[in-house]
Amino acid sequence: LAKTTQPISMDSYEGQEVNITCSHNNIATNDYITWYQQFPSQGPRFIIQGYKTKVTNEVASLFIPADRKSSTLSLPRVSLSDTAVYYCLVGGDNAGNNRKLIWGLGTSLAVNP
Amino acid sequence: ETGVTQTPRHLVMGMTNKKSLKCEQHLGHNAMYWYKQSAKKPLELMFVYSLEERVENNSVPSRFSPECPNSSHLFLHLHTLQPEDSALYLCASSQDRGTGAAQPQHFGDGTRLSIL
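Cut-off values and rules
Residues numbered from 1 in each chain as written. Chains lettered and ligands numbered in written order. Predicted model: local features only at pLDDT ≥ 70, side-chain atom pairs only at ≥ 80, totals over all residues. Heavy atoms only, no water. Helix = DSSP H or I, 4+ residues; strand = E, 2+ residues; numbered from the N terminus. Polar contact = N/O pair within 3.5 Å; in protein donor to acceptor, adjacent residues only side chain to side chain. Contact = heavy atoms within 4.5 Å. Salt bridge = Lys/Arg side-chain N within 4 Å of Asp/Glu carboxyl O. Buried < 20%, exposed > 50% of the residue type's maximum accessible area, 1.4 Å probe, protein only. Pairing = 2+ DSSP bridges. Axes fitted to C-alpha atoms, helices over the stretch in contact; angles between N-to-C directions. Disulfide = S-S within 2.5 Å.

J.: Could you give an account of the side chain of A:Gln6, naming the residues involved and the relevant values?
T.: All names here are of chain A. With respect to the element layout, Gln6 can be found in the segment before strand E1 (9–13). Separated by 2.8 Å, the side chain of Gln6 and the backbone oxygen of Tyr86 make a polar contact. Of note is the side chain of Gln6, whose polar atom sits 2.9 Å from the backbone nitrogen of Cys88. Residues within four places of Gln6 in sequence aside, it is in contact with Ile20, Thr21, Cys22, Trp35, Tyr86, Tyr87, Cys88, Gly106 and Thr107.

Below is the structure:
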């Protein structure tokens, strides 16, 4: 089972770029890397997913080095509404493997004015 | 609109009550999940259904009983709960193609359950 390690908390200011790095040394060949965002009293929301190199969508970028033992979620120009908990998970290529996902405590990001 | 709707949003019940949590997904997915999220703890997977068949039961006490009548609906029947069962219960769905294509989960906003 691939376990991830990410910082417990981070602080930032509005307009800054925020990079959250996640370590996953035991990532398996078939594992994908997925990031979720969670606001208080809401369910996690899918942000971005990747397998290797770089993935970009309208809200974030995901950088994955060649060895895939870590990944970095990049949030450009954060705003107060980006204050949330961010989870990094590896695995989950189907429901059968989604059940093996290990959810940690995530990274609590606080964006200050 | 998340595509996954959970009702009720809040539930307070006594330890001897029987209640049910409901989850409905409007995304056409074929896999559904129940998670428990307690304060200061990671999400704990409780049950997984794929194609309406239960494929995972993570040693959940029998006082929690899931039901998946079709691919769009998922229930969690509760009876004789304990105070430590107070938590946020989250439902999620995903499309299980089993082809190796990654399928992220879509979550509802949960039911906040309080046991008196």
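Next, the rest of the story.
J.: Break down the pattern of salt bridges for me, citing the residues and quoting the values.
T.: In total, this model carries 2 salt bridges over all chains according to the counting rule given. Note that A:Arg45 and B:Asp109 form a salt bridge whose closest N and O atoms lie 2.5 Å from each other. Residue A:Arg45 is located in strand E4 (residues 45–50), and its partner B:Asp109 is located in the loop between strand E10 (106–107) and strand E11 (111–115); the two belong to separate chains. Of the residues examined, A:Arg45 reaches a relative accessible area of 23% and is grouped as partly exposed. Residues B:Arg63 and B:Asp85 are paired through a salt bridge, measuring 2.7 Å at the closest nitrogen-oxygen approach. Highlighted residues: B:Arg63 in the loop between strand E6 (53–57) and strand E7 (64–70) and B:Asp85 in the loop between strand E8 (73–79) and strand E9 (87–94), separated in sequence by 22 residues. This pair shows no difference in class: B:Arg63 is buried, exactly as B:Asp85 is.

J.: So what's going on with the sheet that holds strand E6 (residues 61–64) of chain A? Residues and values would help.
T.: All names here are of chain A. Judged by pairing direction, the sheet is antiparallel, and its 4 strands sit side by side in the order E2-E7-E6-E5 without closing on themselves. The open sheet has two free edges, formed respectively by strand E2 (18–23) and strand E5 (53–56), since each of these has just one partner strand. Each neighbouring strand pair of the sheet contributes to a mean axis angle of 15 degrees, computed without reference to strand direction. Summarising the sheet, E2 and strand E7 (residues 70–75) pair through 6 bridges and their orientation is antiparallel. Bridging from a neighbouring strand, Cys22 pairs with Ser71 of E7.

J.: How would you summarise the state of the cysteines if you had to cite specific residues and measurements?
T.: Residue and element names in this part refer to chain A. Applying the stated rule across the entire model yields 2 disulfides over all chains. Covalent S-S linkage joins Cys22 and Cys88, the inter-sulfur distance amounting to 2.2 Å. Between Cys22 and Cys88 the disulfide shows an S-S torsion of about -80 degrees. By sign, it is left-handed. Of this pair, Cys22 sits in strand E2 while Cys88 sits in strand E8 (residues 84–91), and the two are 66 residues apart along the sequence. The pair formed by Cys22 and Cys88 is uniform in burial state, with each residue classed as buried.

By themselves these figures say nothing about function.
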